[in-house]
Amino acid sequence: MKERKLPKFVPVVLGACMLTLVAACGSDNDDDNNGGGQQQEQQPDEGVYQATMTPLNASVAGNPSGTARIAIVGDEMVVNVDLEGVPARITHLQHIHAGSACPTAADDTNGDGFVDVVEGIPRYGAILVPLDGNLDSQAGGGNGSPSADTDGSYNYLRRASFSRFLSDLQGPDDDPADAVIKLQPGEALNLAGRHVIVHGVPADSNLPATVQSIEGAPAHATLPIACGVIERVTGDTGGTTGGTTGGTTGGTTGGTTGGTTGGTTGGTTGGTTGETTGGTTGGTTGGTTGGTTGA
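Note that the coordinates shown come from a computational prediction; the quantities given were computed from them, not determined experimentally. (Residues numbered from 1 in each chain as written. Predicted model: local features only at pLDDT ≥ 70, side-chain atom pairs only at ≥ 80, totals over all residues. Heavy atoms only, no water.)

1. Brief notes about the state of the cysteines
The line we're drawing: By disulfide we mean two sulfur atoms from cysteines, separated by a distance within 2.5 Å. Secondary structure elements are taken from DSSP: a helix is a run of H or I of four residues or more, a strand is a run of E of two residues or more, and numbering for both begins at the N terminus. Classification of residues uses two cut-offs on accessible area relative to the type maximum, computed with a 1.4 Å probe and protein chains only: under 20% is buried, over 50% is exposed, and between them is partly exposed.
Per the counting criterion, the structure on display carries 1 disulfide. Through a disulfide, C102 is tied to C227; the S-S separation comes to 1.9 Å. Measuring the twist about the S-S bond at about -85°, one finds the C102-C227 disulfide to be left-handed. A residue pair is termed long-range when its members are at least 10 positions apart, and C102 in the loop between β4 (94–97) and α4 (117–124) and C227 in strand β8 (residues 224–234) qualify at 125 residues. Judged by relative accessible area, which is 1%, C227 ranks as buried.

2. Considering the side chain of D178
Spelled out, the test is: Here a polar contact is recorded for every N or O atom pair within 3.5 Å, except that within protein the pair must consist of a potential hydrogen donor and a potential acceptor, and residues adjacent in sequence are included only if both atoms are side-chain atoms.
When you line up the elements, D178 lands in the loop between α5 (162–169) and β7 (195–199). We classify D178 as buried; its relative accessible area is 0%. A polar contact of 3.1 Å, which involves the side chain of D178, links it to the backbone nitrogen of V180.

3. Regarding the pattern of salt bridges
Operational definition: Here, a salt bridge means any side-chain nitrogen of Lys or Arg that lies within 4 Å of a carboxyl oxygen of Asp or Glu.
For the coordinates displayed, the defined rule picks out 4 salt bridges. In this structure, the salt-bridge partner of D136 is R164, at a minimum N-O distance of 3.2 Å. Taken as a pair, D136 in the loop between β5 (127–130) and β6 (153–161) and R164 in helix α5 lie far apart in primary sequence, 28 residues in all. K182 is paired through a salt bridge with D168; the nearest N and O atoms lie 3.5 Å apart. On the criterion of sequence distance, the pair formed by K182 in the loop between α5 and β7 and D168 in helix α5 is long-range, its members being 14 residues apart. Looking at K182, the relative accessible area reads 16%, which means it is buried. Take D168: its relative accessible area is 22%, and that puts it in the partly exposed class.

4. Section: the nonpolar core
Using the following cut-off: For the purposes of this section, nonpolar cores are sets of buried Ala, Val, Leu, Ile, Met, Phe, Trp, Tyr and Cys residues that join through side-chain atoms within 4.5 Å. Residues are treated as being in contact if the distance between any of their heavy atoms lies within 4.5 Å.
By size, the foremost hydrophobic cluster in this structure holds 43 residues, and its most contacted members are I70, M77, L131 and L189. Secondary structure elements with two or more residues in this core: β1 (47–55), β2 (65–73), β3 (76–84), β5, β6, α5, β7 and β8. Not counting chain neighbours up to four residues away, the residues in contact with L131 comprise V79, V81, Q94, H95, I96, P146, Y156 and V196. Residues V117, V118, I197 and C227 belong to the second largest nonpolar core, which totals 9 residues.

5. Observations regarding the sheet that holds β3
Defined as follows: Between any two strands, pairing holds if DSSP finds at least two bridges. Helix axes use the C-alpha atoms of the stretch in contact, all axes being lines fitted to C-alpha atoms, and the angles between their N-to-C directions lie in the range 0 to 180 degrees.
With antiparallel pairing, the 8 strands of this open sheet are ordered in space as β5-β4-β7-β8-β1-β2-β3-β6. At either margin of the open sheet sits one strand with a lone partner, and together these are β5 and β6. Direction aside, neighbouring strands of the sheet carry axes that sit 20° apart on average. Where β2 lies against β3, 9 bridges are found, and the strand directions are antiparallel. Bridge pairing links R69 to N80 in β3. Helix-sheet contacts for α4 involve β4, β7 and β8, and the interaxial angle to β7 is about 170°.

6. Things to note about the confidence of the model for the protein chain
The condition is simple: pLDDT: the predictor's confidence for each residue, scored from 0 to 100.
The predicted model of the protein chain averages 76 in pLDDT, with 65% of residues at 70 or higher. In the model, residues 238–295 has pLDDT below 50 throughout and makes 8 contacts with residues more than four positions away in sequence or in other chains.

7. Some words on α4
Extensive coverage of α4 is indicated by the burial of 6 of its 8 residues. Where α4 begins, the side chain of D116 points an oxygen toward the backbone nitrogen of V118, at a separation of 3.0 Å. Trailing α4 by a residue or two, G125 shows a phi angle of about 75°, which is positive.

8. A word on the environment of A209
By the element assignment, A209 lies in the loop between β7 and α6 (219–222). When the C-alpha atoms of A209 and A219 are compared, they prove to be 8.9 Å apart, with 10 residues separating the residues in sequence.

9. Some remarks on the environment of H195
If you trace the backbone, H195 turns up in strand β7. H195 sits in the buried class, given a relative accessible area of 1%. For the pair formed by H195 and M53, sequence separation is 142 residues and the distance between their alpha carbons is 9.6 Å. Once residues lying within four places of it in the same chain are set aside, the contact partners of H195 are H95, I96, H97, G99, S100, A101, C102, C227, G228, V229 and I230. There is a polar contact of 3.3 Å between the side chain of H195 and the backbone oxygen of G99.

10. A word on unusual backbone geometry
Note on backbone geometry: most residues besides glycine have negative phi, and most peptide bonds are trans. Not every positive phi belongs to a glycine, and R89 is a case in point at roughly 60°. Tracing the sequence through the fold places R89 in the loop between β3 and β4. With a phi angle near 50°, N190 is a residue other than glycine that sits in the positive phi range. By secondary structure assignment, the location of N190 is in the loop between α5 and β7. Using a relative accessible area of 0% as the deciding quantity, one classes N190 as buried.

What follows is the structure, encoded as structure tokens:
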């Protein structure tokens, strides 16, 4: 079992459904005759990605907005989720999911006015990457989910070794029946088209008993409140690297050149001024003294 101190989102009542979902996801990746699946496999992982978050269940969650940004450059992966308008002073579970779409009001299959976590699974799919305290391991960062401040904002920033992160995702799945899935050995991450989901409303939210949850977790903790489709912003990390390198080099060169030029100019100016001032003062003093003595 994957040992996680926060809920793993194991849908006990939907075990068969989740197994079907995972199998379906796997078949998309393995079917070489499926043009979409084959194109998905060819995605290069390195690049910059962004998801623009849109609200879900606004009647209790408010109007969350912001972005989730993922940059993979060489062996470094940086994830930054910057949100505002979320329920304040509570912890928000967040994940990258493997499914195909964000849920809509049409996915409220029991008609209770809320799209709960169970109703959202057919759209956004199983959890692939928990965005918590340790991106190097699916199981290792359960205590690191972000908490919103008193204004209903949070900024989540984590770095990881991309090679360790990918190795963990491609490793054995100790519990294939849960909602946290693995990649196949050698499978690329294929971020573009996946989804970021954020969960959580206050415990005193007025949720009907029909709002479902999973693994015994309270419904308010697992209720989806925001979703965003991950899009590739750019695959050219050379621009980012070049900009940073160019800026640093330019700044250093400019600083050095400026310092040298300033020093040379200052020294020359100072020397000339000193010579002129010294010569003039000396000449005047000498002339005055000599004139007085001769008289």
